[in-house]
Amino acid sequence: MNDTLLAQQRAYADLIIRSGINLQPGQSVAVRAELGHRDFVRILAEVAYAAGARQVEVLWVDPLVNQIRYQQVQPEFLGFVPEFEVARAHEFLDEGWARVALTGEEYPDALENVPPAALREYQQAWYKKLGFFQQRMMNNDLPWCVAGVPMAPWAQKIFPDLDAAEATERLWELVLRVCRADQPDPNAAWQQHDVNLKKVVAFMQRNDVRAVRFLDQQMGPDGQAATDLTVGLTDRPNWISGSSYSATGVSFFANIPTEEAFCTPHRQRTEGWVRTSKPGFPFQREVLGAWFRFEQGQVVEWRAEKGQEVLDELFQIPGARRLGEVALVDVRSPINQSGRIFYNTLFDENAVCHIAFGRAYPEGIQGGSKLSDEELDALGLNSSETHNDLMIGAATMQVIGTCADGSEVVIMENGMFVDAVLA
């Protein structure tokens, strides 16, 4: 690895610590990482301690051990979740830890042959024990950040014509570029990016947009327009992009990279149909070429060229057939402009517009982070034991907003924000 790349990796780690979670002096941080991320984790820990961290706790994951468990554990033990994980989650919350989750698979196909039913059973069992932690994170009670770390097998999926070493170096260069970590001052570049993203939020709030219609007249294989989907929002929509604030008022970025402006749909107000434009990965299993039809907020028909059985299992989870997020992303996103599919939700969802099935973010409702579950339910927030993003945007997509007074505004043409949105 050349010295320039190593210096940029350190700048990337600094970006995650100082802008991603905005680590405060004396604060502890938990890092979820695969074993293959160990070199970058060491850099991350060094930067965190230099920023005043009290403790850097690494929660190591080995996908092959998980594969073995799914395939060989006795059926009655598949849903076992030890109590120490629950106690640890409570401690993270009670003591205000920050959380970093690193993505980028060393074994991207580790779960490819695991039955989706087993993956669903474990996810639901995990949620029953630890769903409170996920809900508190989605409510921004703690600062959190998801970021990517290139691994050779992942890199070779993106650059299949290169050997492992060259593909990994190329992916590092690409990740650093789309995350603006190759800039002279990545943190300053990120703050300016946040200002630009907030222009979309300002437009949506200023026009009091209450529904967004995605229209792609490109014909599908059945002779029908590829997408004609209207996603109705709650009566108190709150659009979010870039930075958020934790319960203690600390600004942080939940995703690095991020290119989206998103909001919380009303669980009963989505109508029409939509086709996916990139692969998705519910249960870490690939779903490709999917199509969905909604009535009164719920998916009533679905199919996929690949991963039909994954969708069948996903939609058995209560609440998974309704939307928890709708997100706008300009196709001029540097991730999309790279011309690469990343086979990784963090990156691919920041390439084009997307929707998410399952649990919604309270933040997408005005004042939602301070409301009770009952109040959020009354406002239409969807609750579920899962949250899965699937990409729907394309360069042929038009997006039209319906405002509170019934008027309409054009938000996107040909997959790009119109000038009025970015003014």
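The structure we're discussing is the one just above.
Heads up: these notes are all about the structure in this document. None of these values were measured; they are calculated from a predicted model.

Spatial ordering of the open sheet is given by E2-E1-E3-E4-E10, a layout of five strands whose pairing is parallel. Each end of this open sheet is capped by a strand with a single partner; those strands are strand E2 (56–61) and strand E10 (255–256). As paired strands, strand E1 (residues 29–34) and E2 are joined by six bridges and run parallel to one another. Bridging from a neighbouring strand, Arg32 pairs with Leu59 of E2.

Under the criterion given, the structure shown has 15 aromatic pairs. Each ring, one from Phe342 and one from Phe347, has its centre 5.0 Å from the other, and the planes form 10°; the classification is stacked. The burial state of Phe342 is the same as that of Phe347; both residues are buried. Aromatic rings pair up to connect Phe292, Phe294, Trp302, Phe315 and Phe357 into one cluster. Cation over ring: Arg303 sits above Trp291, and NZ or CZ is 4.0 Å from the ring centre.

What follows concerns the nonpolar core. Most often, soluble globular proteins keep nonpolar side chains buried together rather than apart. Residues Tyr12 and Leu102 are the most contacted members of the largest nonpolar core, which totals 53 residues. Residue assignment for this core shows that the elements contributing at least two residues are helix H1 (3–20), E1, helix H2 (38–50), strand E3 (98–103), strand E4 (144–148), helix H6 (152–158), helix H7 (164–178) and helix H11 (345–348).

Interhelical geometry of H1 versus helix H8 (residues 186–206) gives an angle of 50° and a closest axis separation of 9 Å. Considering their axes alone, H1 and H8 lie oblique with respect to each other. As for the relative orientation of H1 and H8, their crossing is right-handed in sense. Facing Ala11, Asp14, Leu15, Arg18 and Ser19 of H1, the residues of H8 in contact are Pro186, Asn187, Trp190 and Gln191. Tallied by class, residues from the contact of H1 with H8 come to four nonpolar, three polar and two charged.

With that settled, the discussion passes to the state of the cysteines. One way to say it: the disulfide is the covalent bond shared by the sulfur atoms of two cysteines. One pass over the structure, following the stated rule, counts zero disulfides. The closest cysteine sulfur to the non-disulfide-bonded Cys145 is located on Cys179, 9.0 Å from its own sulfur. The exposure class of Cys145 is buried, given its relative accessible area of 1%. No disulfide involves Cys403; its nearest neighbouring cysteine sulfur is the one of Cys263, lying 13 Å away.

A few words on helix H4 (residues 83–94). In this model, H4 (twelve residues) spans 17 Å end to end at C-alpha, consistent with the 16 Å of a helix rising 1.5 Å per residue. When we look at burial in H4, the residues that qualify are Val86, Ala89, Phe92 and Leu93. One side of H4 carries all its buried residues, which in axial view fall inside an arc of 120°. Projecting away from the buried face of H4 at angles above 90 degrees are the exposed residues Glu83, Phe84 and Asp94. Buried-residue contacts for H4 involve E1, E2 and helix H5 (116–138).

Let's shift gears to unusual backbone geometry. Between Ile256 and Pro257 the backbone carries a cis peptide bond, its omega angle lying at 10°. Tracing the chain through its elements places Pro257 in the loop between E10 and strand E11 (261–263). Positive phi, close to 65°, is recorded for Asn140, a residue that is not glycine. Note on placement: Asn140 falls in the loop between H5 and E4. You will see that Arg180, though not glycine, has its phi angle at about 60°, which is positive. As for its position among the elements, Arg180 is in the loop between H7 and H8.

Quick look at the sheet that holds strand E7 (residues 240–241) now. Here five strands make up an open sheet; going across it, the order is E7-E11-E15-E16-E17 and the pairing antiparallel. One side of each edge strand has no neighbouring strand; the edge strands of this open sheet are E7 and strand E17 (387–391). Relative to E17, strand E16 (residues 354–358) is paired through five bridges, and the arrangement is antiparallel. Across the sheet, the residue bridging to Phe357 is Asn388, located in E17.

Conventions used here
Residues numbered from 1 in each chain as written. Predicted model: local features only at pLDDT ≥ 70, side-chain atom pairs only at ≥ 80, totals over all residues. Heavy atoms only, no water. Pairing = 2+ DSSP bridges. Helix = DSSP H or I, 4+ residues; strand = E, 2+ residues; numbered from the N terminus. Phe/Tyr/Trp six-rings, centres within 6.5 Å; stacked < 30°, edge-to-face > 60°. Buried < 20%, exposed > 50% of the residue type's maximum accessible area, 1.4 Å probe, protein only. Lys NZ or Arg CZ within 6 Å of the ring centre and 35° of its normal. Core = buried A, V, L, I, M, F, W, Y, C linked by side-chain atoms within 4.5 Å. Axes fitted to C-alpha atoms, helices over the stretch in contact; angles between N-to-C directions. Parallel < 35°, antiparallel > 145°, perpendicular 65-115°, else oblique. Left-handed = near helix turned anticlockwise from the far one by under 90°. Contact = heavy atoms within 4.5 Å. Nonpolar A, V, L, I, M, F, W, Y, C, P; charged D, E, K, R; others polar. Disulfide = S-S within 2.5 Å. Expected span 1.5 Å × (residues − 1). Arc of directions from axis to C-beta.

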